[in-house]
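Report on the structure
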Amino acid sequence: MNGKTSTVEAISATDLLRGDHRRIKELFRDFESVDRETKNYIARTAIEEIELHTLLEEKLFYPAVEREVEGCEEILSDSREAHHIAKLIIAELKVIPFGDRYHAKFEKLADTVTDHVDEEEDKLFPMAEKSDLDLHQLGLEMAHLKMRAVAHRPYLRERFRGAGKTAAFIALGTVVLAGLGWLAASRREELVGR
Ligand SMILES: [Fe+2]
Ligand SMILES: [Fe+2]
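The text that follows walks through the structure, step by step, so that each part is easy to find. Everything quoted here is computed from the prediction, not taken from an experiment. Within each chain, residues carry numbers counting from 1 in the order of the written sequence. Labels follow written order: the first chain is A, the first ligand is 1, and so on. Two thresholds apply to this predicted model, a pLDDT of at least 70 for residue-level local features and 80 or more for giving and counting side-chain atom pairs, whereas whole-chain, interface and lining totals are computed over all residues.

**Digging into the overall build of the protein**
Where helices and strands are cited, they refer to DSSP runs of H or I of at least four residues and of E of at least two residues respectively, numbered from the N terminus. Assigned secondary structure in the protein consists of 8 helices and 0 strands. For every residue, the other C-beta atoms within 10 Å of its own C-beta are counted; 20 or more classify it as buried, 12 or fewer as exposed, and values in between as partly exposed. C-beta atoms are placed from the backbone. Counting every position in the protein, which comprises 194 residues, the buried fraction comes to 28%. Across the protein, the fraction of contacts at a sequence separation of at least 24, relative to all contacts at a separation of at least 6, is 77%. Residues are treated as contacting if the C-beta atoms built from their backbones sit within 7 Å of each other.

Here it is, written out as structure tokens:
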């Protein structure tokens with residue numbers, strides 16, 4: 001195995017999205033078990049994670065899949081609809097007070113998002129992974145967008161600044177650096193004719 005293989009794996013767009021899914025599901029689980037005050041923090045953090053993840057998929061991942069992966073129209077249409085429903089629930093959560101109704105609505109959001117991410121992982125991601133789509137280049141673009149977008153989301157910024165601080169940024173930075181390394185290696189191979 002050469003260095004290229006391991007860095008390529010590190011920046012796959014689908015791996016990056018699976019990592020988001022995992023964190024979002026963890027926040028949903030945490031929401032169930034923490035005290036009322038912490039629930040507020042967990043819910044707002046989860047909402048920022050979902051919004052950021054949705055941005056990456058709608059701006060970069062879905063359009064790339066739409067261009068390159070045959071037969072994905074129906075699942076992309078379902079996915080966009082699921083995003084739309086999540087956005088409607090989030091819009092309501094942003095204007096209602098934190099209390100029993102908020103909890104019930106947040107749990108509805110958790111159910112909707114969980115069903116949707118399971119469908120992406122079961123159907124859409126495997127289709128993308130079997131296609132000729134360059135998931136490593138796409139992963140790099142997504143990691144860059146994610147790093148820029150985190151700066152505008154106070155709860156995620158705070159989360160990164162806390163215990164996981166640097167783990168999150170370092171992980172993301174590693175992805176980007178790995179991607180840059182991979183691109184440099186590809187260029188080098190092109191120049192030397194492999
Ligand atoms: Fe999605
Ligand atoms: Fe997703």
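Now that the structure has been shown, the text picks up again.
**Here's the deal with the nonpolar core**
In a soluble, globular protein the nonpolar side chains are often hidden away together inside. Connectivity within a nonpolar core runs through C-beta atoms within 7 Å, and the core itself is a set of buried Ala, Val, Leu, Ile, Met, Phe, Trp, Tyr and Cys residues. By size, the foremost hydrophobic cluster in this structure holds 16 residues, and its most contacted members are Ala-13, Phe-61, Leu-138 and Met-142. The residues touching Met-142, leaving out its near neighbours within four places in the chain, are Ala-13, Leu-16, Leu-56, Leu-60 and Phe-61. Ile-24, Ile-42, Ile-50 and Phe-106 belong to the second largest nonpolar core, which has 14 residues in total.

**Focus: the packing of helix α2 (residues 13-33) against helix α3 (residues 36-68)**
Viewed as axis vectors pointing N to C, α2 and α3 meet at an angle of 160 degrees, and their least axial separation amounts to 9 Å. On the basis of the axis angle, α2 is roughly antiparallel to α3. The crossing of α2 and α3 is left-handed. Along its contact with α2, which presents Ala-13, Leu-17, Asp-20, Arg-23, Ile-24, Leu-27, Phe-28, Asp-30 and Phe-31, the element α3 presents Lys-39, Ile-42, Ala-43, Thr-45, Ala-46, Glu-49, Ile-50, His-53, Glu-57 and Phe-61. Residue type decides the class: Asp, Glu, Lys and Arg count as charged, Ala, Val, Leu, Ile, Met, Phe, Trp, Tyr, Cys and Pro as nonpolar, and the leftover types, Gly among them, as polar. Here the residues of the contact of α2 with α3 are counted per class, giving 11 nonpolar, 2 polar and 6 charged. Axis lines are fitted to C-alpha atoms, over the contacting stretch for helices. Their N-to-C directions set the angle, which ranges from 0 to 180 degrees. Working definition: roughly parallel below 35 degrees, roughly antiparallel above 145 degrees, roughly perpendicular at 65 to 115 degrees, and oblique for all remaining angles. For any helix crossing, the convention is left-handed if the near helix is rotated counterclockwise from the far helix by under a right angle, and right-handed if that rotation is clockwise.

**Remarks on α3**
Given a rise of 1.5 Å per residue, 33 residues ought to cover 48 Å, and the 45 Å separating the end C-alpha atoms of α3 matches this to within 8%. Where α3 bends most, at Glu-57, the angle is about 40 degrees. By definition here, a helix of n residues has an expected span of 1.5 Å times n minus one. Two axes define the bend at a residue: one fitted to the seven residues ending there, one fitted to the seven starting there, and the bend is the angle between them.

**Some points on helix α6 (residues 135-150)**
Structurally, the α-helix is built with 3.6 residues per turn, so residues lying three or four positions apart point the same way. Its 16 residues give α6 an end-to-end C-alpha distance of 22 Å, which sits within 8% of 22 Å, the value for a rise of 1.5 Å per residue. Within α6 the residues assigned to the buried category are Leu-135, His-136, Leu-138, Gly-139, Leu-140, Met-142, Ala-143 and Lys-146.

**Here we look at the packing of α2 against α6**
Where α2 contacts α6, the two axes come as close as 7 Å, and the packing angle between them is 45 degrees. When the axis of α2 is compared with that of α6, the two are oblique. Judged by residue contacts, Ala-13, Thr-14 and Leu-16 of α2 engage Leu-135, Leu-138, Gly-139, Met-142 and Ala-143 from α6. Partitioning the contact of α2 with α6 into residue classes produces 6 nonpolar, 2 polar and no charged.

**A look at the environment of Leu-17**
Mapping Leu-17 onto the fold places it in helix α2. By C-beta crowding, Leu-17 is classed as buried, having 23 other C-beta atoms within 10 Å. Separated by 103 residues in sequence, Leu-17 and Glu-120 have C-alpha atoms that sit 9.6 Å apart. For Leu-17, the residues in contact, after removing those within four places along its chain, are Glu-57 and Phe-61.

Worth remembering: the numbers are spatial, not functional.
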